[in-house]
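Here is how the chains run, residue by residue.
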Amino acid sequence: MPKYLNNLIGLKMTDKIFHRSPIIDYVAIGIGAILMSIGIGVFLVDAKVVPGGVSGLAMALHYLTNGSTPVGLMIWLFNVPLYIWGVKVLGKRFGIRTFYGFTINAFFIDFFRGDVPGFNFIRLQDTETIQNLLHNDFLFLILIGAVLLGVGLGIVFKFNGTTAGSDIVAAIMQKKHGIKPGQAIMMIDFVVISLAGFIIEFKGLADDKPAFLLTLYALFLLFISARTIDIIIDGFDYARMAYIVSDKNKEIANRIMTDLSRGATAIKTRGLYKNVEREMITTIVTLKELGKLTDLIKEIDPDAFVVINNVHEILGEGFRRRI
């Protein structure tokens, strides 16, 4: 199950929550929802590659009605009863931030597409750049849409918001039927993507690309956006933790503190194979310092046993804190 699903349905809050103004959260959620709107409304709707969930369902209805139903409006109309259902069944877990998130997302999808009355002249999807990508570099178009969708959702989840939709359905299915959220969302996305593919084929909207190929693009979209969400929430690995077992642990620890200016901690351990008690050194270094660390360990004790782990976030002196 993608890591972002823990935050998405609110079942486990693994993200660190710092004291910050709610205004910052709402501004960030708004920015994330707008990025999602650009990804969906500008890059994906006319490409006929659906992202699954409520957005995909709204797009499928848009195709079924030959474009007469605005995608953003349908997303909002679908989400309102889901939101009410979620509050009723799950409590106030899906609070005002959820309503705010999917409303901003829905409005700006139609705004950028020129479907909001008075703003019909905007239509970013008709710009020369988007049309060129649509006809000459389709894969890159989908890739941009997927990244914008993933970055937008990642920002929304990072700042403790959601955009309703299938995450509410998944949470309810988990509570009532014990279905894992990841499985529920996968099932929902599969049904929505299949339905959209059938409508595209039935209505003859596939243009020069078979409906099945567009379905494969949709699966590619889901993978890229999910990975992007995880990166936004967890960030790229920017540090490493090392566990060092050596007979020369004091010398190694002193070199870590003097040469790298990093702290080190000694942990008493007992090796079960030889039943030998010794201290294990643990330290955290940045990626740039990792090579220096391994070099000094090899220099002091080539036979040292070293385990190096990825570190997503560090709170404390000497390391930058994630947003």
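Remember, it's a predicted structure, so these values are computed and weren't measured experimentally. What you see as residue numbers is a count from 1 along each chain, following the sequence as written. For this predicted model, a pLDDT threshold of at least 70 governs which residues receive local features, and a threshold of 80 or more governs which side-chain atom pairs are given and counted, while totals over whole chains, interfaces and linings are taken from all residues. Side-chain descriptors were evaluated using all non-hydrogen atoms of the structure, hydrogens and water having been removed beforehand.

## Quick word on the environment of Gly52
To keep things clear, this is the line we draw: Secondary structure elements are taken from DSSP: a helix is a run of H or I of four residues or more, a strand is a run of E of two residues or more, and numbering for both begins at the N terminus. The criterion used for residue contact is that any of the two residues' heavy atoms lie within 4.5 Å.
Take Gly52: it is sitting in the loop between helix H2 (22-44) and helix H3 (53-64). C-alpha separation for the pair Gly52 and Met186, spaced 134 residues apart in sequence, amounts to 9.0 Å. Each residue touching Gly52, except ones within four places of it in the same chain, is listed here: Asp189, Val192 and Ile193.

## Concerning the pattern of salt bridges
Put simply, the test is: Whenever Lys or Arg places a side-chain nitrogen within 4 Å of a carboxyl oxygen from Asp or Glu, that contact is recorded as a salt bridge.
Here the structure, examined in full by the defined rule, presents 8 salt bridges. For Arg113, the salt bridge goes to Asp46, with nearest N and O atoms at 3.1 Å. Of the two residues, Arg113 sits in helix H5 (residues 96-113) while Asp46 sits in the loop between H2 and H3, which places them 67 residues apart along the sequence. Taking the shortest distance from any N to any O, the salt bridge between Asp126 and Arg123 comes out at 2.5 Å.

## Focus: the packing of H2 against H5
Note the threshold: Note on definitions: angles span 0 to 180 degrees between N-to-C directions of axes, and those axes are lines fitted to C-alpha atoms, for helices only across the stretch in contact. The scheme is simple: roughly parallel for angles under 35 degrees, roughly antiparallel for over 145, roughly perpendicular for 65 to 115, oblique for anything else. Handedness of each helix crossing follows the sense of rotation of the near helix against the far helix: counterclockwise by less than a right angle gives left-handed, clockwise gives right-handed.
Relative orientation of the contacting elements H2 and H5 amounts to 40°, with a least axis distance of 8 Å. What the angle tells us is that H2 and H5 run oblique. Note that H2 runs across H5; the crossing there is right-handed.

## Let's talk about the sheet that holds strand S4 (residues 305-311)
The criterion, for reference: Two strands pair if DSSP finds at least two bridges between them.
Strands sit in the order S2-S3-S1-S4 across an open sheet of 4 strands; the sheet is antiparallel. A single partner strand is all that each edge strand has here, and the edge strands are strand S2 (265-271) and S4. Averaged over all pairs of adjacent strands, the angle between their axes in this sheet comes to 25°, without regard to strand direction. Note that strand S1 (residues 239-245) and S4 share 7 bridges and pair antiparallel.

## Digging into the packing of aromatic side chains
Counted only if it meets this: For this analysis, a ring pair means two rings from Phe, Tyr or Trp (six-membered ring only for Trp) whose centres lie within 6.5 Å, classed as stacked if their planes differ by under 30 degrees, edge-to-face if by over 60, and tilted for the remaining angles. A ring has a charge above it when a Lys NZ or an Arg CZ is no more than 6 Å from the ring centre and no more than 35 degrees off the ring normal.
According to the stated counting rule, one finds 14 aromatic pairs in the structure shown. For the ring pair Phe119 and Phe121, a centre distance of 6.3 Å and an interplane angle of 35° mean the geometry is tilted. Here the aromatic residues Phe107, Phe108, Phe111, Phe112, Phe119 and Phe121 are joined through ring pairs into a cluster of three or more. Across from the ring centre of Tyr26, 5.4 Å away, lies the NZ or CZ of Arg97, which sits over that ring.

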